[in-house]
Amino acid sequence: MSVSRRSFVKKVGIGSAAAAMMAYDGPRSVARAWSLSLPEEERPVFLQYNENPLGPGARALDAMETGITAGNHPTARYGLSRTALVDAITATQGVPQANIVIGNGSTQILRTATHVFTSPSKHLVTGAPSYGECSGYAEVIGTPVEFVPVSTSMRLDLDAMADAAKGAGLIFVDNPNNPTATLHDGDAMGAFIDRVMTESEAVILIDEAYHDYVMDPAYRSEITRAVRNKRILVARTFSKAHGMAGMRIGYGVAHTDTLATMNEWHYDSGLNVAAIAGAAASLRDTEHTAAEQARNTEVRRFTVD
Amino acid sequence: MSLSRRALFGAHPPNRSERPGALIAARGREALVDEPWPNIDEAAAVAPPASGEIRLMFNENPLGPGERALDAVREAFHDASRYPDNTSPSMGDLQAALAAANDARPEHVLLGAGSEELLKDAVQAFTSKSKHLVTATPTYVASARVAEYLGTEVKAIPVDSDGKLNLGAMAEASRGAGLVFVCNPNNPTATVHQAEAIAEFVERVQHVSPETVIHFDEAYHEYVTEPGYRSALSLALWTPNVFVSRTFSKVYGLAGLRIGYAVGHKDTIAQLGRYGLPINTNNVGVAAAYATFHDSVRTRREKQRNAEARRFTIDFFRKAGHEVFESNTNFIFVNIGRPAAGCAPLAKSTASVSVATSRRWKEPTRGSRSEP
């Protein structure tokens, strides 16, 4: 879909105002209530949630509508099977089935990792600012958190994070980093991982929520390494490029031993049947993902410039 | 739903001579989970429901959700790129509606990804290595499983000879406990306690152990027909350390969309909420629940349908000479008086008419009745 500059600027104008208004002042529901009071064409894009304003792709919608609201009442049945989604991840990402865990959003993967790999004596290392899920949960369970400020170029300071990793249970690396939007390329991540492997016993959790939006050719996902290395876990989400934030579905990739440790605590009975069907179809709809990537790149370029 | 007796049981009439008895019953979502109560064999891997199949072991609603819910679901798919606290209806809208329906305020209500998430959160929030969990056996097992993982001691009190929770013994065991889990009606025995017994239980627990939190799981609340029953919800609103969990998975037919909720004193709910995922429910489930829970006509009809099927089935088993605990749920617990091996033909027979039955239990150790 191509973005009309005029409509986009108009929306961003309103959206920015909303962001400024709502950033610190109140819960999301306030922003939502305010937005719903506007005529539909004037409703803002909620920039502060990094949602995909276009919604799920047509194939995902088809899969959900035909699979979920028709036939033998799938919404009334416990959705016990993850097969459709696991198969789609295997087919599109090249990750073996045994190395995949599904979560109630990638949030649940982040929480599970924080729960099983940290403790009051094994701290969490995270960037500042970075996505706050792990650090927020660490606080709840009494895990100390070492916040490592981003560099002057707003990038995660991987060296300082490796320095802070001695005695840590988990290092949270958001790549690209939310909210600074910056990226570390494959070489930088490789050097960081090597250092952590020799100097610490911590598990590295790499959150690739924005993976589909990365255009830097030097970027590499770490999922291949996660399959082999017991101390690397990669998290992905369907909330962004796949336009399914509402469905609460994400996944993790790790070594089978690492997953076994996680699965003692992780429960996946919180997954809804529509999310499984929709996410599987969306992953296989590579055309839609490519189109969404192009759309986002265009808008981003326009706005950054 | 019409059941053909012959199809269901004709091929394999129960044989009472084969003791020791095994019990066959329907259960909820925990059917795939081990439980401390000794079970004889694991459920086989469960296939997705075939056309029209009734999965008794999951206590699902075979009729599905109502049209209002399905309409809401179809509409919500298009809003699925928004976080569920930013959709219409939002998580906040559902929370507020559930609060209003129960004369409560939103801070008394917490949503869960099914009630199962709330069960987990409660054990995490209120127990510790020094504050044990009191539960029953057999009962819904999620709480005990979480406690075991966390290294929390579990005191599981056997049900009495009528399959009812032994509330007296559970209250005694609550001294120094972090949490008491009371499944009312109880899964899998299907039995219910009346309002007075529940109120008395709360009083006793608060007397012997004022700090202990009491969790009433009312997953089957809407199916109860016992006139003396009342939800513990209003009690929970005004009593510190008491909360109730409910689910949209049963009477509302939304098991696949994972919506549950907890209601209680605001301090208890706030403490519980710290352990839940911040955005734990999906917008489709939120929309369906929001559309359906006010539909009292449909709920009443579903309750009526269930009561009729339940009466029919219980009467059948009793006429055939089997002990059945009185059920206030959408499942029954019946002693078919067979060893484990004898259950297989029954399961096979019911499967042939698209009815999947549950796992089996050994006959419970008979305790004394908890109440005269």
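Reading the values: the criteria
Residues numbered from 1 in each chain as written. Chains lettered and ligands numbered in written order. Predicted model: local features only at pLDDT ≥ 70, side-chain atom pairs only at ≥ 80, totals over all residues. Helix = DSSP H or I, 4+ residues; strand = E, 2+ residues; numbered from the N terminus. Buried ≥ 20, exposed ≤ 12 C-beta atoms within 10 Å, placed from the backbone. Contact = placed C-beta atoms within 7 Å. Core = buried A, V, L, I, M, F, W, Y, C linked by C-beta atoms within 7 Å. Nonpolar A, V, L, I, M, F, W, Y, C, P; charged D, E, K, R; others polar. Pairing = 2+ DSSP bridges. Axes fitted to C-alpha atoms, helices over the stretch in contact; angles between N-to-C directions. Parallel < 35°, antiparallel > 145°, perpendicular 65-115°, else oblique. Left-handed = near helix turned anticlockwise from the far one by under 90°. pLDDT = per-residue confidence, 0-100. Expected span 1.5 Å × (residues − 1).

K.L.:
Explain the overall build of chain B to me, using residue names and the numbers behind them.
P.N.:
Across its full length, chain B carries twelve helices and 13 strands. In chain B, which comprises 372 residues, the proportion classed as buried is 57%. Here the contacts in chain B between residues at least 6 apart in sequence split such that 77% fall between residues at least 24 apart.

K.L.:
Describe the nonpolar core, with residues and values.
P.N.:
Residue and element names in this part refer to chain A. Membership of the largest hydrophobic core comes to 172 residues, with the highest contact counts inside it found for Ile-171 and Leu-205. At nine residues, the largest contribution of residues to this core is made by helix α11 (residues 273-284). The contact partners of Ile-171, leaving out residues within four places of it in the chain, are Val-125, Met-161, Ala-165, Val-196, Ala-202, Ile-204 and Leu-205.

K.L.:
Mind laying out the environment of Gly250(A), listing which residues take part and the relevant values?
P.N.:
Residues and elements named next belong to chain A. With respect to the helices, strands and loops of the structure, Gly-250 is situated in strand β7 (residues 250-253). C-beta crowding within 10 Å serves as the criterion here: with 27 such atoms nearby, Gly-250 is assigned to the buried category. The spatial distance from the C-alpha of Gly-250 to the C-alpha of Thr-261 is 19 Å, given a sequence separation of eleven residues. Setting aside chain neighbours within four positions, we find Gly-250 in contact with Gly-103, Gly-105, Ser-106, Ile-109, Ala-235, Arg-236, Thr-237 and Phe-238.

K.L.:
Break down the interface of chain A and chain B for me, with residues and values.
P.N.:
With 49 residues of chain A in contact, the opposing surface of chain B contributes 51 residues. Among the elements of the structure, α2 (28-36), α3 (58-68), α5 (105-117) and α11 of chain A are those that each provide at least two residues to the side of chain A that touches chain B. Grouping the constituent residues of the side of chain A that touches chain B by class yields 23 nonpolar, 18 polar and eight charged.

K.L.:
Outline the pairing of strand β3 (residues 109-112) of chain B, supporting the account with residue identities and numerical values.
P.N.:
The side chains of a regular strand alternate between both faces of the sheet. Residues and elements named next belong to chain B. Side chains Val-109 and Leu-111 of β3 all project onto a buried face; the interleaved residues Leu-110 and Gly-112 project onto the opposite face, where all are buried too. Where β3 meets strand β9 (residues 260-264), four bridges bridge the pair, whose relative direction is antiparallel. When the sheet's bridge partners are listed, Leu-111 is paired in β9 with Tyr-261.

K.L.:
Before we move on, could you go through the pairing of β9(B) and cite the residues and values that matter?
P.N.:
All names here are of chain B. With five of its five residues buried, β9 lies for the most part within the structure. Side chains Gly-260, Ala-262 and Gly-264 project from β9 onto one buried face, and the interleaved Tyr-261 and Val-263 project onto a second face that is buried too. The pairing of strand β8 (residues 242-247) with β9 spans five bridges and is antiparallel. Its bridge partner lying in β9, Val-244 is registered against Val-263.

K.L.:
Give me the sheet that holds strand β5 (residues 154-158) of chain B: which residues, what numbers.
P.N.:
Residue and element names in this part refer to chain B. Strand order across the open sheet formed by seven strands is β3-β9-β8-β7-β6-β4-β5, with mixed pairing between neighbours. In the strand order of this sheet, the two ends are held by β3 and β5, each with one partner. Averaged over all pairs of adjacent strands, the angle between their axes in this sheet comes to 25°, without regard to strand direction. Across five bridges, the pairing between strand β6 (residues 179-183) and strand β7 (residues 213-217) is parallel. Bridge pairing in β7 places Val-182 opposite Phe-216.

K.L.:
Explain the packing of α3(A) against helix α2 (residues 67-77) of chain B to me, using residue names and the numbers behind them.
P.N.:
In contact at an axis separation of 10 Å, α3(A) and α2(B) are set at 170° when each is read in the N-to-C sense. Comparing the axis directions of α3(A) and α2(B) gives the class roughly antiparallel. In contact with Leu61(A), Met64(A), Glu65(A) and Ile68(A) of α3(A), α2(B) contributes Val73(B), Arg74(B) and Phe77(B). In terms of residue class, the contact of α3(A) with α2(B) is made up of five nonpolar, no polar and two charged.

K.L.:
Tell me what's going on with the environment of Gly176(B), and back it up with residues and numbers.
P.N.:
Residues and elements named next belong to chain B. The topology assignment puts Gly-176 in the loop between α6 (167-173) and β6. Once the C-alpha coordinates of Gly-176 and Ser-234 are considered, the two residues, 58 residues apart in sequence, prove to be 25 Å apart. Among all residues touching Gly-176, those that are not within four sequence positions of it are Lys-131 and Ser-209.

K.L.:
Account for the sheet that holds strand β1 (residues 100-103) of chain A, with residues named and values stated.
P.N.:
All names here are of chain A. One open sheet holds the seven strands; their spatial order is β1-β7-β6-β5-β4-β2-β3, and the pairing between them is mixed. For this open sheet the edge positions go to β1 and β3 (145-149), each flanked by a neighbour on one side alone. On average, each strand axis in the sheet is tilted by 20° relative to the strand beside it, whichever way the strands run. Two elements, strand β2 (residues 123-128) and strand β4 (residues 168-174), share four bridges in a ladder whose sense is parallel. Counterpart to Val-125 in the pairing with β4 is Ile-171.

K.L.:
Describe unusual backbone geometry, with residues and values.
P.N.:
Residue Pro176(A) follows Asn175(A) across a cis peptide bond; omega there is -5°. Here Pro176(A) shows up in the loop between β4 and α8 (186-199). In this model, Asn187(B) is joined to Pro188(B) through a cis peptide bond whose omega is 20°. By the secondary structure assignment, Pro188(B) is in the loop between β6 and α7 (195-208). A positive phi angle, near 50°, is found at Asn50(A), a position not held by glycine.

K.L.:
Lay out the packing of α2(B) against helix α10 (residues 283-292) of chain B with the relevant residues and their values.
P.N.:
Residues and elements named next belong to chain B. Relative to each other, α2 and α10 sit at 150°, their axes nearing to 8 Å. Here α10 runs roughly antiparallel to α2, going by the angle between their axes. As α2 packs across α10, the resulting crossing turns out to be right-handed. Judged by residue contacts, Arg-68, Ala-69, Asp-71, Ala-72, Val-73, Glu-75, Ala-76 and Phe-77 of α2 engage Asn-283, Val-284, Ala-287, Ala-288, Tyr-290, Ala-291 and Thr-292 from α10. Split by residue class, the contact of α2 with α10 holds ten nonpolar, two polar and three charged.

K.L.:
Describe in detail the confidence of the model for chain A, supporting the description with residues and values.
P.N.:
Regions with low pLDDT carry predicted coordinates that are not meant to be interpreted in detail. Summarising the model, chain A shows a mean pLDDT of 89, and 88% of its residues fall at 70 or more. Per-residue pLDDT stays below 50 along residues 1-27 of chain A; that stretch engages in 27 contacts with residues further than four places along the chain or on separate chains.

K.L.:
Give me helix α4 (residues 114-126) of chain B: which residues, what numbers.
P.N.:
Between its first and last C-alpha, α4(B) extends 19 Å over 13 residues, near the 18 Å set by a 1.5 Å rise per residue. Of all 13 residues making up α4(B), 13 are buried, and the element is well covered by its neighbours.

K.L.:
Residue-level account of the confidence of the model for chain B, with values.
P.N.:
Residues and elements named next belong to chain B. Across chain B, the average pLDDT comes to 84, with 81% of residues at 70 or higher. Low pLDDT (under 50) marks residues 1-46, which in the prediction has 122 contacts with non-local residues, meaning those over four places away or in another chain. Taken over the whole predicted complex, pTM reads 0.88, whereas the ipTM for its chain interfaces reads 0.89.

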